[in-house]
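Spelled out from the first residue to the last, the chains are:
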Amino acid sequence: MMRTRIGLALAGTTATLLALAGCSGDSSPLPGSTTAAAPGATAPAQAAAPDTSCNPRASLKPAGALPQPGHMPAGSYMAEIQKRGRLILGTSQDTLLFSSRNPFSGKVEGFDVDMGRQIAQAIFGDPGKIQIKVIAYDKRVSSAKDGSVDIVADTMTANCARWKDVNFSSIYYDAGQRVLVSKDSSAKSIDDLGGKKVCAASGSTSLDNIGKVKAKPIPVAKAAFGDCLVAFQQNEVDAISTDDTILAGMAAQDPYAKVVGLPFTKEPYGMAMSQAHPEFTKFVNAVLEQNRANGTWTATYKKWLGAFGAAPTPPAAEYRP
Amino acid sequence: MSTALVARPAPGAQVAAGPAGVTPAPRRRGLFRRVGNLRHTSPGRLELILGALITLGVLAGLLAGITGAATSSGTSDLGDRAQPLLVEAETIYSALADADTTAAQAFLAGGLEPAALTQRYNDDLERATTAISAASRLTTDGSEGAASVRTLSNGVARYSALVATARADNRQGLPVGSSYLSAASDLNRQTLLPQAQNLFRVAQQGVHDGYRNAASIVWAALLVLLIFVLAGALLLAQRYLSRTTHRTFNVPLVAATVLTVVLAIGTVFLLGSQNNHLDQADSAGSTPVAQLAEARILALRERGDEALTLAAHGSGSQYTTDFTDASGQLTKALGNEYFSDDLRGKHQAYLAAHEKVSSLDSGGDYDGAVGLAIGAPTSQTFEAVTAGIGSALDERKAAFTAEIGAAGRGLGLLAVLGPIAALAICVLAGMGIRARLREYR
């Protein structure tokens, strides 16, 4: 809670400045990127021709075996983190199951947070050496890029537009966008929601995707997905559309909500890091590789997402040539 | 075409044709001449003097009534409406700011809301709603203040509904509760607090205007001037009488003069004392009340910013900036003569504790930072600051009430006794001069 919208005005200004400076804003169609269309027109343009200039699933290949925890190679970014004594993880605090504040303990926890803790485990040998920094959805790219956090694990879709500004780890989770409506709604999928208000967090690919739906629902942006659920419960919006797992977390909190339709997008989640230290991306990929093989990934899935059925095989790692 | 229009003579023709248009002039000239001619005979002169004295007396009586009523109602309006509105506005602000901070702290604590914080939040909300309904009685319909009060009373209802939902969710372990709390906090900080601040500003202007109305400087000056003119006229009349009638004293006129002097002394004393007390009420009452109230607002802003910085979990730089801004202003405000060094020391102690909280937070020890921020020692240090400001504020409110009470004393008397005294002066003047007039019959 309490990321206030006072900050939004500032955030907006910053985003404009960034756009003017020709660097990245956060929402996926990046202003000033090679996508030819103007920022306002990018969403429909993208709908016609999604950015396929790269394979977003392909990350940097790990270089050799993992170093021993507590013995990071000198001069590497991991050694810098080790010197600092904690890994700074950028995430949200209201995405149930992935990264949300446990109302009982006050701690932020979930699948994404555990991904971060596993990196801390690999660096320090202690998963607790982690500092959680809650960042707004539309700050995920810039926070990783400017180094204000070491790594972002926040239900973040790896796509080519974002790859231009940050490095992604190999894919650690495959999600797809669906839609949440009220229990008595007759809508079977997002295509039945033409002209209805559909909420998503600003700066998320989900919000862009709502704009691409042919039935033309009205996208409504909120600062975070928790705010979307508040708006939904207050009848300000008719539906919420985002990744299936996030929606499942919301439906679990509201017995008058249901998730409908098949996934209509592919949202491969990756952790975002600065491009200034490719060795760190390689290190993170090595950690993921190890955890896919030794069952840690499956255990983490069961811990947070086990209610949705048996753990699937972890997404296979793909690397750039 | 109507006959009325035809019958009406052209404006130009009227002067030439209509004798009716000419007659008033000679009549007026006749009246003036007759009044003017009075000065050529002794009884005529006496009649003129009597007429002048009675006119002055009646005017003085009228003005005494008006001035007494205006200063008295202005003073009581200041004490009963303008100043209480200022106090209510400050109460609304501090109660809402404290509710927001309390909610944020309860959130930081995690788990079930601590009972003490729930109690404090409930008290805050009760104080706010009571003050809002009191403020609505103190603002006039359609004024800017009334608009703020309306926004506030609607907003508080929405605010408490959002917080109630947040609590219910929290009780069931639903994380969406924190989003409700966030929505409530946004409503509070972005709509309610600015409106309360606006009401405070309107009330300050009201107090400022209240002092002007209470002093009713134009009426008071006219009254004093007229009483002196009346006294002068009485003295001149007596000098004339003693020269023309060879009687040294005219007892009724002497009595009228004495009464006028008493009225003059009484009026000057009452108005002077009122002004003196109004000055006191301003310099020792409402001015420091406004300054002290602002200090309390700043202190609550600091504490709220601290809790929100932590609750934002690393994305709250705007609160950090706001904290620095508020604490800079507060340090300056605490320089006020009505604050003790002890209080300034306590504020420094709180700032030191906050410094530690920030360094723990930025050093990665989030739990330590939260523990220190909402722990008993820091809470007690901070509460000592607000309690110190509160007691200084109460002292100043009491000083204001006392001074306004003193300022209003006797003004009602002026409104009643002033006209009566003036009437008595007229009667005495009439008696004194009519006795001389009778000698000419």
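Residues numbered from 1 in each chain as written. Chains lettered and ligands numbered in written order. Predicted model: local features only at pLDDT ≥ 70, side-chain atom pairs only at ≥ 80, totals over all residues.

Student: Explain the overall build of chain A to me, using residue names and the numbers behind them.
Tutor: From N to C terminus, chain A includes 11 helices and 17 strands. Put simply, chain A has 321 residues, and 54% of those count as buried. Long-range pairs, those at least 24 residues apart, make up 70% of the contacts in chain A with a sequence separation of at least 6. (Helix = DSSP H or I, 4+ residues; strand = E, 2+ residues; numbered from the N terminus. Buried ≥ 20, exposed ≤ 12 C-beta atoms within 10 Å, placed from the backbone. Contact = placed C-beta atoms within 7 Å.)

Student: Lay out the overall build of chain B with the relevant residues and their values.
Tutor: Across its full length, chain B holds 14 helices and zero strands. Against the 2.2 N^0.38 benchmark of 22 Å for 441 residues, chain B shows a C-alpha radius of gyration of 35 Å, more extended than a compact globule. Taking the principal axes of the C-alpha coordinates as reference, chain B spans close to 110 × 75 × 30 Å. Burial statistics for chain B: of 441 residues in total, 43% are counted as buried. Contacts in chain B between residues at least 24 apart in sequence constitute 82% of all its contacts with a sequence separation of at least 6. (Rg over C-alpha atoms; globule rule 2.2 N^0.38 Å.)

Student: Break down the confidence of the model for chain A for me, with residues and values.
Tutor: Per-residue pLDDT for chain A averages 84, and the proportion of residues at 70 or more is 84%. This model gives residues 1-48 of chain A a pLDDT under 50, and the stretch forms 85 contacts once residues within four places in sequence are excluded. (pLDDT = per-residue confidence, 0-100.)

Student: Outline unusual backbone geometry, listing residues and values.
Tutor: With phi around 40°, Thr155 of chain A is a residue other than glycine that occupies positive phi space. Its place among the elements puts Thr155 of chain A in the loop between strand 7 (151-152) and helix 6 (160-163).

Student: Give a detailed account of the interface of chain A and chain B, specifying residues and quantitative values.
Tutor: Accessible area lost upon the coming together of the parts is a frequently used measure of interface size. Contact residues are listed per partner, giving 30 residues for chain A and 31 residues for chain B. For the side of chain A that touches chain B, the secondary structure elements donating two or more residues are helix 1 (6-21), strand 4 (99-101), strand 6 (130-134) and helix 8 (225-233) of chain A. Of the residues in the side of chain A that touches chain B, the class split is 14 nonpolar, nine polar and seven charged. (Nonpolar A, V, L, I, M, F, W, Y, C, P; charged D, E, K, R; others polar.)

Student: Which residues make up the nonpolar core, and what are the values?
Tutor: The nonpolar side chains of a soluble globular protein tend to be buried, and buried together. Of all hydrophobic cores here, the largest spans 192 residues; its most connected members are Ile240 and Met271 of chain A together with Leu86, Ala89, Ile92, Leu96 and Ala196 of chain B. Per element, the largest residue contribution to this core is 24 residues, and it comes from helix 4 (residues 42-109) of chain B. Each of domain 1 (59-174 + 268-309) and domain 2 (177-260) of chain A contributes no fewer than three residues to this core. Other than its neighbours up to four places away in sequence, Leu86 of chain B contacts Phe200, Ala203, Gln204, Val207, Ser286, Val289 and Ala290 of chain B. (Core = buried A, V, L, I, M, F, W, Y, C linked by C-beta atoms within 7 Å. Domains from an automatic or database assignment.)

Student: Hey, could you go over the sheet that holds strand 3 (residues 94-95) of chain A for me, with residue numbers and the actual values?
Tutor: Residue and element names in this part refer to chain A. The sheet built from three strands is open, its strands ordered 3-4-5 with antiparallel pairing. Taken across any chain shown, the strands that pair with only one partner, and hence form the sheet edges, are strand 3 and strand 5 (108-109). Pairing of strand 4 with strand 5 involves two bridges; the strand directions are antiparallel. Within strand 5, the residue paired with Arg101 across the bridge is Val108. (Pairing = 2+ DSSP bridges.)

Student: Tell me about the environment of Ala293 of chain B, and name the residues and values.
Tutor: Residues and elements named next belong to chain B. Relative to the helices and strands, Ala293 resides in helix 9 (residues 251-311). On the neighbour-count criterion, Ala293 (25 C-beta atoms within 10 Å) is buried. In the structure, Ala293 is positioned 200 residues away from Tyr93 in sequence and 9.6 Å away in space, judged by C-alpha atoms. With residues near it in sequence (within four places) discarded, Ala293 still touches Glu90 and Leu393.

Student: Outline the domain arrangement of chain A, listing residues and values.
Tutor: Residue and element names in this part refer to chain A. Each assigned domain of chain A is listed with its residue range as follows: domain 1 (59-174 + 268-309) and domain 2 (177-260). Here the C-alpha centroids of domain 1 and domain 2 sit 27 Å apart. Taken together, the contact pairs 15 residues of domain 1 with 17 residues of domain 2. Considering only residue class, the side of domain 1 that touches domain 2 consists of seven nonpolar, five polar and three charged.

Student: Give me the lowdown on the sheet that holds strand 11 (residues 197-201) of chain A, citing residues and values where you can.
Tutor: Residues and elements named next belong to chain A. The mixed open sheet is built from five strands, whose spatial order is 12-11-13-10-14. Two strands in the sheet have a free side with no partner beyond their single neighbour: strand 12 (218-222) and strand 14 (257-260). Looking at each pair of strands side by side, their axes are set apart by 35° on average, direction ignored. Looking at chain direction, strand 10 (residues 177-182) and strand 14 are connected through four bridges and run antiparallel. Note on strand 14: the bridge partner recorded for Val181 is Lys258. (Axes fitted to C-alpha atoms, helices over the stretch in contact; angles between N-to-C directions.)

Student: Lay out the environment of Gly85 of chain A with the relevant residues and their values.
Tutor: Mapped onto the secondary structure, Gly85 of chain A falls in the loop between helix 3 (77-84) and strand 2 (87-91). For the pair Gly85 of chain A and Ser100 of chain A, spaced 15 residues apart in the sequence, the C-alpha separation amounts to 24 Å.

Student: Residues and numbers for the pairing of strand 12 of chain A, please.
Tutor: Sheet topology note: the strand 11 of chain A/strand 12 of chain A ladder contains five bridges and is parallel. Within strand 12 of chain A, the residue paired with Lys197 of chain A across the bridge is Ile218 of chain A.

Student: I'd like a description of the packing of helix 4 of chain B against helix 14 (residues 411-438) of chain B, backed by residues and values.
Tutor: Residue and element names in this part refer to chain B. At a closest axis distance of 7 Å, the pairing of helix 4 and helix 14 adopts a crossing angle of 175°. Looking at the two axes, helix 4 sits roughly antiparallel to helix 14. Considered class by class, the residues forming the contact of helix 4 with helix 14 number 21 nonpolar, 11 polar and one charged. (Parallel < 35°, antiparallel > 145°, perpendicular 65-115°, else oblique.)

Student: Kindly report on helix 8 (residues 217-245) of chain B, identifying the contributing residues and their values.
Tutor: All names here are of chain B. Across its 29 residues, helix 8 extends 42 Å between first and last C-alpha, which sits within 8% of the 42 Å expected from 1.5 Å per residue. Of all the positions in helix 8, only Ala220, Leu223, Leu226, Ile227, Leu230, Ala231, Leu234, Ala237, Gln238 and Leu241 are classed as buried. Residues of helix 8 that are buried make contact with helix 4, helix 7 (176-215), helix 9 and helix 14. The first or second residue beyond helix 8 is His246, which carries a positive phi of 55°. (Expected span 1.5 Å × (residues − 1).)

Student: Run through the environment of Gly272 of chain B, naming residues and quoting values.
Tutor: Residue and element names in this part refer to chain B. Within the fold, Gly272 resides in helix 9. On the basis of neighbour counts, which here come to 12 C-beta atoms within 10 Å, the residue Gly272 falls in the exposed class. Along the primary structure Gly272 and Ala64 are separated by 208 residues, whereas in three dimensions their C-alpha atoms are 15 Å apart.

Student: How would you explain the packing of helix 9 of chain B against helix 13 (residues 376-408) of chain B if you had to name every residue and give the values?
Tutor: All names here are of chain B. Between helix 9 and helix 13, the least distance of the axes is 8 Å, while the angle of their chain directions is 160°. The orientation of helix 9 with respect to helix 13, classified from their angle, is roughly antiparallel. The hand of the helix 9/helix 13 crossing is left-handed. When grouped by side-chain class, the residues that make up the contact of helix 9 with helix 13 number 19 nonpolar, seven polar and five charged. (Left-handed = near helix turned anticlockwise from the far one by under 90°.)

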